[in-house]
Amino acid sequence: MDPALGPPEEMAEKRDELTPMMRQYHDLCARYDDALVLFQVGDFYETFCGAAERTARLLEITLTSREDSTGEYPMSGIPIDNAESYIQTLLEAGYRVAVADQVEEPGETAGVVDRAVTRVITPGTLTEDELLASDDNNFVAAVARGDGEPSTPRVGDGSRTGETETLALALLDVSTGDFLATSSRSPAAIADEISRFDPAEAVLGPNAPRDVLPEECMVTPFDATAFDRERAASLLSRYYGHPDALLAEDAEIRVCGALLAYAEYVRGGEHAASAGSDDEAAPVTEPADPDERSRLEYLTHLTRYDPREYLLLDAVALRSLELFEPRAVHGRDDATLVGVLDETASALGGRTLRDWLRRPLLEPDRIESRLDAVEELTGAVQTREELHDHLRDVYDLERLIGRISRERANARDLRSLRATLAVVPEIRERLADADCDRLQRLHDELHPLVDAREAIDEAIVENPPIEITEGDIIADGYDDGLDELRATARDGKQWIEDLEERERERTGIDSLKVGYNSVHGYYIEVTNPNLESVPDDYERRQTLKNSERFVTPELKRREDEIVGAEERADEREYDLFCEVRRDVADEVERVQALANAVATLDAVVALATAAAEYDYCRPEITDTDRRSGLEIDIEGGRHPVVERTQESFVPNDARFDDGRRLAIITGPNMSGKSTYMRQVAQIVLLAQVGSFVPAQSARITPVDRIFTRVGASDDIAGGRSTFMVEMDELATILREADERSLVLLDEVGRGTSTADGLAIARAITEHVHDEVGATTLFATHHHPLTELADDLQAAFPLHFEVEGVDDEVVFHHEVASGAATGSYGIEVATAAGVPETVVERSRELVDGTASAADTTGTARDIDEFERVHTGRDPAAAGSPLPATADGGNDPTDIAAELRALDLGHLTPVEALTELDRLKRMLEE
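Residues numbered from 1 in each chain as written. Predicted model: local features only at pLDDT ≥ 70, side-chain atom pairs only at ≥ 80, totals over all residues. Heavy atoms only, no water.

Let us now look at unusual backbone geometry. Negative phi values dominate among residues other than glycine, just as trans dominates among peptide bonds. Positive phi is not limited to glycine here, since Leu449 has a value of about 50 degrees. Along the chain, Leu449 falls in the loop between α15 (437–445) and α16 (450–459). The phi angle at Asp615 is positive, at roughly 60 degrees, despite the residue not being glycine. The class for Asp615 is exposed, based on a relative accessible area of 56%. (Helix = DSSP H or I, 4+ residues; strand = E, 2+ residues; numbered from the N terminus. Buried < 20%, exposed > 50% of the residue type's maximum accessible area, 1.4 Å probe, protein only.)

Attention now moves to a negative patch on the surface. Together, Glu104, Glu105, Glu108, Asp114, Glu567, Glu571, Asp575, Glu579, Asp583 and Asp586 make up a region of like negative charge exposed at the surface. Counting through the fold element by element, Glu108 comes out in the loop between β5 (97–102) and β6 (115–121). Accessibility expressed as a relative area gives 66% for Glu108, which makes it exposed. (Patch = residues over 30% accessible without salt bridge, like charges linked within 9 Å, V, L, I, M, F, W, Y side chains within 5 Å. Areas by Shrake-Rupley, 256 points an atom, 1.4 Å probe, with all protein chains shown as cover. Salt bridge = Lys/Arg side-chain N within 4 Å of Asp/Glu carboxyl O. Lys, Arg positive; Asp, Glu negative; His and termini not counted. Charge placed at Lys NZ, Arg CZ, Asp CG, Glu CD.)

With the rule as written, the count across this model stands at 59 salt bridges. Here Asp129 makes a salt bridge to Arg403, at a shortest N to O gap of 3.3 Å. Of the two residues, Asp129 is situated in the loop between β6 and β7 (140–145) and Arg403 in helix α13 (residues 397–405); the sequence distance between them amounts to 274 residues. Given the relative accessible area of 44%, Asp129 is considered partly exposed.

Now for the pairing of strand β10 (residues 201–204). Residues Glu201 and Val203 point to one face of β10 and Ala202 and Leu204 to the other, with burial holding for every one of them. Across three bridges, β10 lies against strand β11 (residues 218–220) in parallel orientation. By the bridge assignment, Val203 is partnered in β11 with Thr220. (Pairing = 2+ DSSP bridges.)

Before going further, it helps to spend a moment on the side chain of Thr344. Looking at the secondary structure, you find Thr344 in the loop between α9 (337–341) and α10 (347–358). What makes Thr344 buried here is its relative accessible area of 17%. With residues near it in sequence (within four places) discarded, Thr344 still touches Gly349, Gly350, Leu353, His388, Asp602, Ala603 and Ala606. (Contact = heavy atoms within 4.5 Å.)

The subject of this paragraph is helix α19 (residues 588–614). Between its first and last C-alpha atoms α19 spans 38 Å; for 27 residues at 1.5 Å apiece the expected length is 39 Å, and the two agree. Of all 27 residues in α19, 21 are buried, a share of seventy percent or more. Of the residues trailing α19, Asp615 is marked for its positive phi of about 60 degrees. (Expected span 1.5 Å × (residues − 1).)

This brings us to the sheet that holds strand β18 (residues 620–621). Taken in spatial order, the four strands line up as β18-β22-β19-β20 in an open sheet, and their pairing is mixed. Two strands in the sheet have a free side with no partner beyond their single neighbour: β18 and β20 (652–656). Here strand β19 (residues 632–637) pairs with strand β22 (residues 697–700) via four bridges, running antiparallel. Counterpart to Glu635 in the pairing with β22 is Ser697.

Turning to the packing of helix α14 (residues 411–430) against α16, a few remarks are in order. Viewed as axis vectors pointing N to C, α14 and α16 meet at an angle of 135 degrees, and their least axial separation amounts to 9 Å. Judged by the inter-axis angle, α14 sits oblique to α16. As α14 runs across α16, the sense of the crossing is left-handed. Here Leu414, Arg415, Leu417, Arg418, Leu421, Ala422 and Pro425 of α14 lie close against α16, whose contacting residues are Ala452, Arg453, Ile456 and Asp457. Of the residues assigned to the contact of α14 with α16, the class counts are seven nonpolar, no polar and four charged. (Axes fitted to C-alpha atoms, helices over the stretch in contact; angles between N-to-C directions. Parallel < 35°, antiparallel > 145°, perpendicular 65-115°, else oblique. Left-handed = near helix turned anticlockwise from the far one by under 90°. Nonpolar A, V, L, I, M, F, W, Y, C, P; charged D, E, K, R; others polar.)

The contact between α10 and α19 brings their axes to 7 Å, and the two run at 70 degrees. Compared by their axis directions, α10 and α19 come out roughly perpendicular. Contact with α10, carried on its side by Leu348, Gly349, Thr352, Leu353 and Trp356, involves Ala595, Val598, Ala599, Thr600, Asp602, Ala603, Val604 and Leu607 of α19 and no other residues of that element.

Summed over the entire model, instances satisfying the criterion amount to 16 aromatic pairs. Ring centres of Phe656 and Phe796 lie 5.6 Å apart, and the angle between their planes is 55 degrees; this geometry places the pair in the tilted category. Of the two residues, Phe656 sits in strand β20 while Phe796 sits in strand β26 (residues 795–805), which places them 140 residues apart along the sequence. For the pair formed by Phe656 and Phe796, the shared burial category is buried. On the numbers, 5.7 Å between centres and 70 degrees between planes, the contact of Tyr676 with Phe800 is edge-to-face. Placement of the pair is Tyr676 in helix α21 (residues 673–689) and Phe800 in strand β26, with a sequence separation of 124 residues. In this structure, Tyr676 and Phe800 share a single accessibility class: buried. Three or more aromatic residues joined by ring pairs make a cluster, and in this case those are Tyr32, Phe222, Tyr262 and Tyr265. Sitting over the ring of Phe324, Arg358 keeps its end group 5.3 Å from the ring centre. (Phe/Tyr/Trp six-rings, centres within 6.5 Å; stacked < 30°, edge-to-face > 60°. Lys NZ or Arg CZ within 6 Å of the ring centre and 35° of its normal.)

On to the pairing of β22, then. Burial along β22 is one-sided: the face carrying Ala698 and Ile700 is buried and the face carrying Ser697 and Arg699 is not. Inspection of the sheet shows β18 paired to β22 by two bridges, in the parallel sense. Among the inter-strand pairings, Glu620 is bridged to a residue of β22, identified as Arg699.

Spatially, six strands are ordered β11-β10-β7-β8-β9-β12 in an open sheet, and the strand pairing comes out mixed. A strand with exactly one partner marks an edge of an open sheet, and here the two such strands are β11 and β12 (303–304). Packed on one face of the sheet, helix α5 (residues 187–197) meets β7, β8 (167–172) and β9 (179–184) and runs near 10 degrees to β8.

The tally for this structure, following the rule as stated, stands at zero disulfides. In this structure Cys49 is not part of a disulfide, and its nearest cysteine sulfur, from Cys29, lies 8.5 Å away. (Disulfide = S-S within 2.5 Å.)

What follows concerns the environment of Val693. Assignment of secondary structure puts Val693 in the loop between α21 and β22. For the pair Val693 and Leu607, spaced 86 residues apart in sequence, the C-alpha to C-alpha distance is 9.8 Å. Discounting residues that sit within four places of it in the chain, Val693 has contacts with Tyr616, Cys617, Pro619, Ile683, Leu686, Ala687 and Ala698.

Its place among the elements puts Ala585 in helix α18 (residues 553–585). By relative accessible area, which is 16% here, Ala585 ends up buried. When the C-alpha positions of Ala585 and Arg403 are compared, they lie 9.2 Å apart, and in sequence the two are 182 residues distant. Once you skip the residues sitting within four places of it in the chain, Ala585 turns out to touch Ile404 and Ser405.

Next up on the list: the side chain of Arg351. Examined against the element boundaries, Arg351 turns out to sit in helix α10. Look at Arg351 and you get buried, because its relative accessible area is 3%.

A separate point is the confidence of the model for the protein. In this model, the protein carries an average pLDDT of 85, and 83% of its residues clear a pLDDT of 70 or more. Scored below 50 in pLDDT, residues 148–162 shows 30 contacts in the model against residues more than four places distant or in partner chains. Counting contacts from residues 271–291, a segment whose pLDDT is below 50, to residues more than four positions away or on other chains yields 44 contacts. (pLDDT = per-residue confidence, 0-100.)

Right, let's talk about helix α4 (residues 83–92) for a bit. Within α4 the residues assigned to the buried category are Ala83, Glu84, Tyr86, Ile87, Leu90 and Leu91. Along α4, the residues classed as buried sweep out an arc of 160 degrees about the axis, all on the same side. On the buried face of α4, the contacting elements are β1 (36–41), β2 (44–48), α3 (49–59), β4 (71–79), β5 and β6. Just past α4, the residue Gly94 takes up positive phi, approximately 100 degrees. (Arc of directions from axis to C-beta.)

What follows is the structure in C-alpha cells.
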C-alpha cells in the first residue's frame, strides 16, 4: 500500500491518544483512503507521516516535523494561495487529492477548528481553470453491465452472437455540466464511444470490463452500491425527474446514477469511495438532507443519445485522420483537422466545434441546416467579422455558471458573466436580418438576461479584488447598512488623519507621528528626546529603541469604532456577495441555454471563416436509399491539413458510386496515395459536420462509419507486432463494415512474406467487394491486385504517375486511371539520402549483375532459414516456386521479374530469397 494513502500506521496504533487536530487528520485519511489528503492548518495545506515524505520529494518542498503527545511525525506543507500548481504535480504523479478545509473560523470555536473534505480533485473531475489543460471538455466516464438476461440484439448496433447483455456508458464534464449517456450490446461499440470522447478518468461498475477503456485512462474504485438500480434511480430523480422517461435501459439508469453520486462525492459529498474491489462496497454515510446537501445545481441536463445517430469513428480512425492529434506532418503540432478549422473566438465555440468533429451528422436535413448557416455567413463578410469580434469578448459561460452554482465563484467571475451578457445584444443585432432558419433560431435563443446583468452591475464594483472576504467588492449605494458601516470607518479614519496635527499643536512636539500597526493598532509615536512633553492622558503602548508609542482613551475608542465597523462591513459584504451569487445561480438553466446558442454561433462563424479563407465549396448532400451504395463525387479535392503545410498542393478527383466502389491504388512511396485516401475521408467527414469542403465541387452521400487501416504501428506493451496490429484492425473492418461504410486500406499484408502478404491482400479485396460492399480505397504495392479490376465488377484501378529523370524521381501527385508501371523504390531511397554504396548495390541486384559467387553462400543460408522457420525445403524436388512480385512464376523473362520487384517493401531475407530463386531459374 502506498504510504501516502490511507491513515498513517504510526497514528492508527494510538488514534485515541492523538490531539484533536491530529485525530481529525487521521480520520479524514481513513475516510478518503484512495486519495492524498491535504489538511488545512492556517494558511497552509499540510501532510503528515508517509504522505509528508512523499509530497516533499514530489513537490521539492521542505520536510519538517510536528510533535504530538504521542510522538513526532514528519510534516510538509504547501501554501493555500498557490496550491493549484502543487496539486497539478500530484495529479500527474497519479494521485487523487482530497482537500480538507477549515469549515469554522478559528475565533468562533473554543476547541479545535472543524475540518472537512470540500472537494476531491481527480484527473476527470477538474473544475479549476488553473488545473484544466485546455478549453476542451474534460470527461469522467462510468461503465456498467446490464442484468445479464438474454434479450434480442438491436439491429445495426454492432451486436454479435452471444452478446445479450447491455453495456452502458455515461460521460460527465464536471466543469461544464455536459452529461451524456448511451448503451450497446457490443463492447466494441462502447469502446469506440469512449475513444471518441477520450475521458481522463473512469468509474467501473461491478464486473464491468476494463478493456473498453484506453490504457492511459485512470480507473477509480468507487462504492459498488452506487450502481444499485433503486439507489441510482432515486438520485437521478432528484435532479431530472423520473429516470425511466430519460433513459432506455436499467443499465443506463445505474451508470448515470453512479456517476452522479461520484460527482457529488468529489465535490465534497458524503458518499464514500470503495478501497477494495468492485464487489466490495464501502460503508456509505447518507447526507443529513439528501435533497440539498452536495447537490450540483448546474447539472440541469442529461442527454441520452444513440451512437447510430452519428458517423462512427473508432480510435484508429480518429488517429489516422488526424482530427485532434497530428501524425507528425512536418513536425507541426497544429497539423490537425481541428487546427485548420478552429477559427472560434471563445472557449464555448471551440468545445462545440470539437464535438461536431467527434460526432458528424447522418441526417441530411440536419447537415443542410448547418450548411445553410455556414453559406450565409461565408457570403456576409462584414457580418461574419463583426460577430467574430463580439464573440471574442465572451467568457466561458458554462464553466462560469458551474463555479457560480458550486459557490466557488469570486466577484471577478460575476463581472465576467456581466461582461458577456452585455455583448449579447450586439450579437443579436448582427443576426436580426438573417435569412436562414438556423441563424434566425440562434437570434431568438440569444437571451440577454438583462435582469441578471443589472443585478451584477448594481451589486459588484467594476474591478473587484480576487478575495471575497476582505471587502471592497460591493458597490456604494447597494445596501444602506453597509454604507453606514463604511461611513463610520471613513469618519474614524478622517478623525485619525487630523489627530496628528491636533496633537502636535497641543503638545508642541513637531516630530510627533500617528501611525497604524496590524499587531498593536493605532498609536502616537514620540521620540525619546521629547518624552518630557508627553501629556498625562497618553498611555504607553509599545517601547522602541529610539521612541515610545502611546494611545489616548479617545484614540482607543475611535480605533474600536473603525476596526469594528470594518470587520462588520467585511462580513456584511461577504453575506451580500453570497446572496447575489445565489440569485445568479438561480438563472443556471437560462445561462446554459445562452451558452449553447453562443457556442453554436461561434462554431458556425469559424466554419464560415475557414470556408472563405481557404476557398472551400458547399457540398451537395444526397439522400439515397439506404439499401443502395454510396455516392462520392469530388472534383478538385484537396487535403485540408496537408495543403496548409505546403507551398502548393495538387488537387485530385474522386468518383465512387454503386458501380465503382472499390479503388485499387498503386504508385511508389511519396507519390500521394495515403494523402489522397485521407483527403477523400476528410472531405466526407467535413461535409457531414456541416462544413464547406476543400474542393471545386462535391456530391456526397452520408456514410455511417469510416474505417481506416493506414500506417505501420505496433503494440509492444500488449505483445502485438506491427503485423498483428494490422490484422486486428482488418478483422474489425471485415466484421463491422457494410455498404454504408467508407474504408481506407493502405499497404495491407506487408508485415509478412511477399507470397503471404499478396494472398492476404487479394483475399481481403475480394471479401470487401463481394461480402462487405463498402466504398473502399485500397492503396497497395502488390501490383498484381490491379488485375482484380477486370474480375470484380465494382473494382477499378487508379495510380499516381511519376517520372524517372537522370536517376531521379519526379512526383506529379496526380491520380489517374489504370495501374502504375513501377515502384521506383531505388529512386525514392536516393532522394531520401540513402548512402550511394547501398543504392549502387541495389541497382546491381536489380540489373542482375551480381556474380553467382556473391549469392551461393547466401542461398544456402536462406535455405536453412526456410527449413528452420517454415518447415519447407526450398531445394527439395517438387518444391513450388514462390510467387513473384508480379504474381507470376514464368522464368522466360527474368528482366521483367526484376523490374517488378518492390525492394522498398521487401525484408532483407525476402529480397535474398527472390534473388536465389531468380538465379536458379537462370541456371535451369
